[in-house]
Each structure stands twice: as structure tokens, then as C-alpha cells.
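# Geometric and topological summary
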Amino acid sequence: MSSLVVFSVPKTGAGRVLPLRESNDFQSRSWLRPATVRCGLRLEVQESGNHAFMLGMGFVGQFLGHQLKEEGWKVSGTCLSEIKKKKLEGSGFEIFIYSLEDYDSSRISTSYGFHHQESLFTLQDATHLLISIPPSVSLGDPVLHFHRDLIWNRLKNGRVHWLCYLSSTSVYGDHGGYWVDEDTPPKPENELAVARLEAENAWINLGCDLGVHVYVLRLGGIYGPGRSALDTIIKQGPLSKDQQRRQHRRYPPRIHVADVCQAIRASMNKSSTWNVFNIIDDDPAPRSEVFSYARSLVMQRWPDKLDGISVDQETLNQHAQTGELIEEKRVSNNRMKSELGVELLHPNYRSGLESIARGYQLR
Ligand SMILES: NC(=O)c1ccc[n+]([C@@H]2O[C@H](COP(=O)([O-])OP(=O)(O)OC[C@H]3O[C@@H](n4cnc5c(N)ncnc54)[C@H](OP(=O)(O)O)[C@@H]3O)[C@@H](O)[C@H]2O)c1
């Protein structure tokens, strides 16, 4: 049986190679060892023992978790509340509460926040770690802020060999409508985007210290079943302030959750020398266009039921107003396609919304 041997050298977001801190680090870093083989062989050998741990079992975490579980993976994750924990456990996941809300500075060096000590043993057993907890302006990455050493320790003595941080295209900032790709120096323009960029680098550095390659996936606005323009029109009522702000972007990057998971899976199965990938579809259409299409789908699909659907008139009016469009940036997805080999299931919002409409159950 032949296998391809690849040397994987981590780079920072802008493509720089991270410096080795000590010369003897050289020996201990598995990314300098011929450890990575092409996906077929790697899957064949490891499939039975795969264990994914999702720090943050949110929209993406659950979608991916269901896929992996179907394939026989063990899937563990965290959430903030008991209610959600119970719900997720009902779907067959192993769930732990990881909440930093009752933060007490005198306890930060302990495993505080991990409400169940078993979660740390589970983390140690994980082969794949996905981080989807967002940063905050005050703490930066909350997990690394409180628990970097603890996590490093568990992972160092554990089985993890794939680490992925879900980030956002917000780190690029405003480029006046010009194209940006992963080599474009980020220029975050608000505190949250700064925190996001710092979190990316902090996870890359942690991976470097562990000898594990870190994938940073910069996602556009995520939509999918239960979270889409269709759902907003049918269920939600008026747009939130944040949605109204985003309404005015000319090229808002977006991605269907099934394609996010496809990209994540591709990064598990292919070795790459790059850390950063933009994960977005091919059609950054303005939100007003997306909402107008979603509305036409609602009308086509449930013409006689429109009265029964609480389509909020104010919402529709807001969607119809385009206002002055801001030309922020256009984000390239070339690297995702060429390096990870992703062929988008939903290259544009029309395909994504149609598939959501097909599966939509009116209640
Ligand atoms: N949604 C988008 O359009 C979009 C676009 C670009 C990037 N992103 C980023 O991509 C990642 C995944 O997105 P998503 O839509 O799957 O996110 P999501 O549904 O909001 O899930 C976030 C997860 O993190 C947990 N969490 C949130 N704050 C936490 C905290 N302070 N401490 C501990 N846990 C916390 C949540 O707990 P609960 O499950 O209990 O709520 C949830 O499990 C996130 O970092 C998100 O910011 C999202």
C-alpha cells in the first residue's frame, strides 16, 4: 500500500511561518515529522477510534456532530445551560456544561468553568477538537483566557491530532469592495474583530506548542435549516439591529452550514501547509436580494397557507429597502476549493434556500 508523506509547516494568518522557540522543539514537533498520510489510509486506520470534542455545541457543532455520529464517531461537546445539555443528550451526544458566567478571579487557575471534571478526561481522549465558542471583547478567547495551560496539558497527554478554530471573515475589515484572500493582511475594524484575530493566533500558537496543525476557518454568515431568511420571514418578525446593519452590505459573504461541515471534513482528511481558509459560497448577494427570493419561495410553496404564516409586514418592508449599499469587501474562496477540494453543495443562496424550503415543516 503506498502513502503520500507530507511535511506540514504551520503559518500564521498572513502566511508567515511561526518561529521555533527552542532548537530542541524541533524534535518534538510532529508537524516536522512525516506523520501525515493521504486521507484514505488515515481514515481506514483510525475510523473506529475517532472521537470529536466540540468546544461549543452550537449550530455548526450540532450539524457536524450528527454527521459524525452517523458514521460511528464518538461525539462530545459543551454548552452553557442544563436545558440545552438535556436536549443534546437526547440526541445521543455526550454533553458537558462549560460556562464562565459565574466568573470569580480567585479561581481562574483551577478547572473552574468545567462543571464536570469528566469533561477534562473526555477532552484528553478526543482525536479531533473543534472550537466554536466565540471570543468576547473583554476576555478575548474565553477558553484560552482561563484555561490555556489546562487544555494544553490535557491535549499534550491525549490523542488529539486535528484542531480547528471557527473564525469569521470580519477579521479582514473594510476593503472598499475589493477582493481579499487569505494572504490579505487582516485589518479588523472593531473590538470584536480584533479579539477574533487574536483568538485565531492564540489557537495556532497552542497547536504549534502541541505539534498539531491548526485549521482556522474564516466563515461568512452561516445559514441553514432553522437559521435562514425563510425562518426570519416566517417566524421572527422585525430584523434585529445587527441584521439591519448587515442588510446594507453589497457583498455579504455567506455559507450554508452543510458546506461549512463539508469544509471541516475536508480539512480532517487532507493535509495542508496552510492554516487559514475562507469558507464562503460563490455568490455574495445583498441581503435584500436574498430576502426577496426567500419571500418568493414562501409564496410559491405555501400559496394557500400564507394567511396562516405570520409573515410580519414590517419585516418584509425592511427587507425591501436596500438603502445605500456598503462596498465592504469581496472574499475569495479559491483556497478552499483548490487546497481542500471542496465542491460546494450550495454555491449560492438560491440553492441553499430551496433545499431549506424542501425540508421545512410548517407548524
Ligand atoms: N453565525 C454566523 O453567521 C457566523 C459567522 C461567522 C463566524 N461565526 C462563528 O463561528 C463559530 C460557530 O458558529 P455557530 O453559528 O455554530 O455558533 P453558535 O450557534 O452561536 O454556537 C456557539 C457555541 O458556543 C457556546 N458559547 C457561546 N459563548 C460561550 C461562552 N462565553 N462560554 C462558553 N461557551 C459559549 C454556545 O453555547 P450554547 O450552545 O449553550 O448556546 C454554543 O454552543 C462561532 O464562533 C461564531 O461566532 C458565526
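Everything here concerns the structure above.
Since the model is a prediction, treat every value here as computed from it, not as a measurement. Counting from 1, residues in each chain are numbered in the order their sequence is written. With the structure being a predicted model, the display of local features is reserved for residues of pLDDT at least 70 and the display and counting of side-chain atom pairs for 80 or more, all residues being used for whole-chain, interface and lining totals. Only heavy atoms go into the side-chain values, all of them from the structure, while hydrogens and water stay out.

## A closer look at the packing of helix α6 (residues 142-156) against helix α7 (residues 191-210)
Cut-off, in case you're wondering: Geometry is summarised by axes, namely lines fitted to C-alpha atoms with helices restricted to the contacting stretch, and by angles between N-to-C directions that run from 0 to 180 degrees. Per the convention used, a helix needs a DSSP run of H or I reaching at least four residues, while a strand needs a run of E reaching at least two, with both numbered from the N terminus. Each angle is binned into one of four classes, with values under 35 degrees roughly parallel, values over 145 roughly antiparallel, values of 65 to 115 roughly perpendicular, and all other values oblique. The hand of a helix crossing depends on one turn: near helix anticlockwise from the far one by less than a right angle means left-handed, and clockwise means right-handed. In what follows, a contact means two residues having at least one pair of non-hydrogen atoms within 4.5 Å.
The geometry of α6 relative to α7 is characterised by a closest axis approach of 10 Å and an angle of 20° between their N-to-C directions. Overall, the two elements α6 and α7 adopt an arrangement that is roughly parallel. As for how α6 packs across α7, the hand of that crossing is right-handed. Along the contact surface, α6 presents V143, L144, R148, I151, W152, L155 and K156, while α7 presents A202, W203, N205, L206, D209 and L210.

## Remarks on the site of the ligand
Counted only if it meets this: A cutoff of 4 Å decides nearness: a residue is near a molecule or strand if any of its heavy atoms lies inside that distance of it. The definition of a polar contact used here is a pair of N or O atoms within 3.5 Å, where within protein one atom must be able to donate a hydrogen and the other to accept one, and adjacent residues in sequence count solely through side-chain atom pairs. Method for areas: the Shrake-Rupley scheme with a 1.4 Å probe, in which residue coverage is limited to the protein chains shown. For this classification, Asp, Glu, Lys and Arg are treated as charged, while Ala, Val, Leu, Ile, Met, Phe, Trp, Tyr, Cys and Pro are nonpolar and the rest, including Gly, are polar.
The environment of the ligand is formed by 22 residues, the closest being L80, K84, R196, I222 and R227. In the environment of the ligand, an oxygen atom lies 2.8 Å from a nitrogen or oxygen atom belonging to the side chain of R227. In isolation the ligand offers 900 Å² of accessible surface; the protein chains occlude 76% of this area. When residues of the shell around the ligand are traced back to their parent elements, those giving at least two are α3 (59-70), β2 (74-79), β5 (162-168) and β8 (221-223). No other element matches β5, which puts three residues into the shell around the ligand. Taken together, the residues of the shell around the ligand break down into eleven nonpolar, eight polar and three charged.

## Overview of the pattern of salt bridges
Threshold: A carboxyl oxygen of Asp or Glu within 4 Å of a side-chain nitrogen of Lys or Arg is what we treat as a salt bridge. Buried, partly exposed and exposed residues are distinguished by accessible area as a fraction of the type maximum, computed with a 1.4 Å probe on protein chains only: under 20%, between the cut-offs, and over 50%, respectively.
Per the counting criterion, the structure on display carries eleven salt bridges. Close ionic contact of D283 with R350 constitutes a salt bridge, the shortest N to O distance being 3.6 Å. Of this pair, D283 sits in the loop between β10 (276-279) and α11 (287-301) while R350 sits in helix α14 (residues 349-359); the two residues are 67 residues apart in sequence, bridging distant segments of the chain. Residues E328 and K329 are paired through a salt bridge, measuring 3.4 Å at the closest nitrogen-oxygen approach. The same class applies to E328 as to K329, namely buried.

## A closer look at the nonpolar core
Using the following cut-off: In this text, buried Ala, Val, Leu, Ile, Met, Phe, Trp, Tyr and Cys residues form a nonpolar core when linked through side-chain atoms within 4.5 Å.
Ranked by internal contacts, the top residues of the largest apolar core, which has 33 residues, are M54, L68, L130, L166, L217, I264 and I279. Tallying contributions element by element places helix α10 (residues 257-269) first for this core, with seven residues. Counting residues in each nonpolar core, the second largest holds 27 residues, with Y98, L100, L206 and V212 among its members.

## Observations regarding the sheet that holds strand β4 (residues 128-131)
Our working definition: The rule for pairing is simple: two strands pair if DSSP sees at least two bridges between them.
Taking strand neighbours across the sheet as the criterion, the seven strands line up as β3-β2-β1-β4-β5-β7-β10 in an open arrangement whose pairing is parallel. Edge positions in the sheet fall to β3 (94-97) and β10, since each has one partner strand and no second. This sheet shows a mean twist of 20° between the axes of neighbouring strands, independent of strand direction. Sheet topology places strand β1 (residues 51-55) next to β2; four bridges connect them, and they run parallel.

## Overview of α3
To keep it simple, the criterion reads: Here, expected helix span is obtained from the residue count minus one, scaled by 1.5 Å.
Between its first and last C-alpha atoms α3 spans 17 Å; for twelve residues at 1.5 Å apiece the expected length is 16 Å, and the two agree. V60, G61, Q62, L64, G65 and L68 are the residues of α3 that are buried. Directly after α3, the chain includes G72, whose backbone phi takes a positive value near 95°.

## Here's the deal with the pairing of β2
Stated formally: Every crossover in which the path from the first strand over the helix to the second runs clockwise, viewed with the strands pointing away from the viewer, is termed right-handed.
Burial runs high along β2: five of the six residues are buried. With four bridges connecting them, β2 and β3 associate as parallel partners. Following the sheet pairing, S76 is matched in β3 by E94. One crossover worth recording links β2 to the parallel β3 by way of helix α4 (residues 82-90), and it is right-handed.

## Details of the side chain of D259
Here is the rule: Neither His nor the chain ends contribute to the count of charged residues, in which Lys and Arg are positive and Asp and Glu negative.
Looking at the element boundaries, D259 is found in helix α10. There is no salt bridge for the buried D259, and the closest opposite charge comes from K337, which lies 9.9 Å off by N-O distance. A distance of 2.7 Å separates a polar atom in the side chain of D259 from the backbone nitrogen of L345. Beyond its immediate stretch of four places on either side in the chain, D259 contacts I279, L344, L345 and H346.

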